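Overview (structure and organization)
Here are the chains, one letter per residue:
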Amino acid sequence: MMSNSTFKTTLLAAVAFGALATAPAYAASHSIGACLITKTDTNPFFVKMKEGAEAKAAELGVSLKSFAGKVDGDHETQVAAIETCIADGAKGILITASDTSSITAAVQQARDAGLLVIALDTPLEPADAADATFATDNFLAGELIGKWAAAKLGAEAANAKIAMLDLAVSQPTVDVLRDQGFLTGFGIDVKDVNVIGDEDDPRIVGNDITAGNEEGGRKAMENLLAVEPMINVVYTINEPAAAGAYEALKSIGREGDVLIVSVDGGCPGVANVKDGIIGATSQQYPLLMASLGIEAIAAWAKDGTKPANTEGKSFTDTGVSLVSNEAVDGVESISVAEGTDRCWG
């Protein structure tokens, strides 16, 4: 079951589409073409996203074609997929951009051709390069784990030694939002909220990049431990990076006295919370992003209706919940059991 806060967010997202209740009328026609373009087809997050899109497309009679980059960062393959979707006469595209700015020219070509383009998970740069964005509130996801970590440490938060394990040098928007959200939640002045690494708080040992995978997380953790061996708080962009950071700490016998927090909510990550490897993680819901996206394309094909943003936000918020074995005062969370019920991958 969803927590009250996640249910309310999901309800708001659904309400934003208004007339979508009529969409099943398409069920027999299969005349609406849609494309899903993900960063890769192997990451469990994108696998679940594809499942959500396929299920909703089957329900609404939408003909769905799926594409993916060869590796995370492969925007050339994504651009080629956009061009294919235009040529095929698709009505809309759902895309998780590998490079949030390099694909915008191709996205504009699609929009000029009459396609509805919706960014999933990661806003484009600029965000209005797409018609809409369906995503986790990534700043809030970071903020939740930052608040949790500060509350868990209590008075010792003032003496924290923090490692920041980010995604990439290019600072794609999801990376910035989670990083800056965590620091804000922890109580640190982030200076320019749009920039990673410009903070001057002495508690931050440093930032390193992980490419969002376990090996990158291990190497980044090793690099920062060389700077400060007594790091006691680790922020990670996602749960694979967190698993790598844990292995680096374990290799020097420090796995039991360092607080690791992360974002994603995949089943392996939630299992790591259960096992005490990760202290808390912010869970997001990729299946909902994709299914709402297919509904929006169906509505666009019917009468040109575009999805509305969640009230007070510049995107459609698909919800986030903090998952932890240990609740703290002032930070709403769900249990590991609830997180397991909702996890993916």
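Note that the structure is a prediction, hence the values are computed from the model and not measured. (Residues numbered from 1 in each chain as written. Predicted model: local features only at pLDDT ≥ 70, side-chain atom pairs only at ≥ 80, totals over all residues. Heavy atoms only, no water.)

**Some details on the sheet that holds strand β1 (residues 32–38)**
Pairing is parallel in the open sheet, where six strands are placed in the order β2-β1-β3-β4-β5-β11. Two strands lie at the open edges of the sheet, namely β2 (62–68) and β11 (316–317), each paired on one side alone. As defined by bridge partners, strand β4 (residues 116–120) adjoins strand β5 (residues 132–135) across three bridges and the pair is classed as parallel. Note on β5: the bridge partner recorded for Ala119 is Thr133. Running over the sheet, helix α10 (residues 286–303) touches β1, β2, β3 (92–95), β4 and β5 and is turned about 170° from β4. (Pairing = 2+ DSSP bridges. Helix = DSSP H or I, 4+ residues; strand = E, 2+ residues; numbered from the N terminus. Contact = heavy atoms within 4.5 Å. Axes fitted to C-alpha atoms, helices over the stretch in contact; angles between N-to-C directions.)

**Thoughts on the packing of helix α7 (residues 214–227) against helix α8 (residues 239–251)**
Direction vectors running N to C along α7 and α8 enclose 45°, while the axes themselves pass 6 Å from each other. It follows that α7 is oblique to α8 by the angle criterion. You can see that α7 and α8 cross each other, and the crossing is right-handed. Residues Glu214, Gly217, Arg218, Met221, Glu222 and Leu225 of α7 pack against Pro240, Ala241, Ala243, Gly244, Ala245, Glu247, Ala248 and Leu249 of α8. Its residues placed into classes, the contact of α7 with α8 shows eight nonpolar, two polar and four charged. (Parallel < 35°, antiparallel > 145°, perpendicular 65-115°, else oblique. Left-handed = near helix turned anticlockwise from the far one by under 90°. Nonpolar A, V, L, I, M, F, W, Y, C, P; charged D, E, K, R; others polar.)

**Focus: the nonpolar core**
Counting residues in each nonpolar core, the largest one holds 49 residues, and the members touching the most others are Leu120, Met221 and Val234. Take this core: its biggest share by element is eight residues, from α10. Setting aside chain neighbours within four positions, we find Val234 in contact with Ala163, Leu165, Met221, Ala245, Leu249, Val258, Leu259, Ile260 and Val261. The next biggest cluster of nonpolar side chains, apart from the first, holds 29 residues, and it includes Phe186, Val261, Val320 and Val331. (Core = buried A, V, L, I, M, F, W, Y, C linked by side-chain atoms within 4.5 Å. Buried < 20%, exposed > 50% of the residue type's maximum accessible area, 1.4 Å probe, protein only.)

**Points about the sheet that holds strand β6 (residues 162–166)**
The mixed open sheet is built from six strands, whose spatial order is β7-β6-β8-β9-β10-β12. Bordering the open sheet on either side are β7 (204–209) and β12 (320–324), each of which pairs with just one other strand. Each strand axis lies, on average, 15° off the axis of its neighbour in the sheet, ignoring direction. Here β6 runs beside β7; their pairing, made up of five bridges, is parallel. The residue bridging Ala163 from the neighbouring strand is Gly206, located in β7. Strands in contact with helix α6 (residues 173–186) are β6, β7, β8 (233–236), β9 (259–264) and β10 (280–284); relative to β6, the strand with the most contacts, it is inclined by about 160°.

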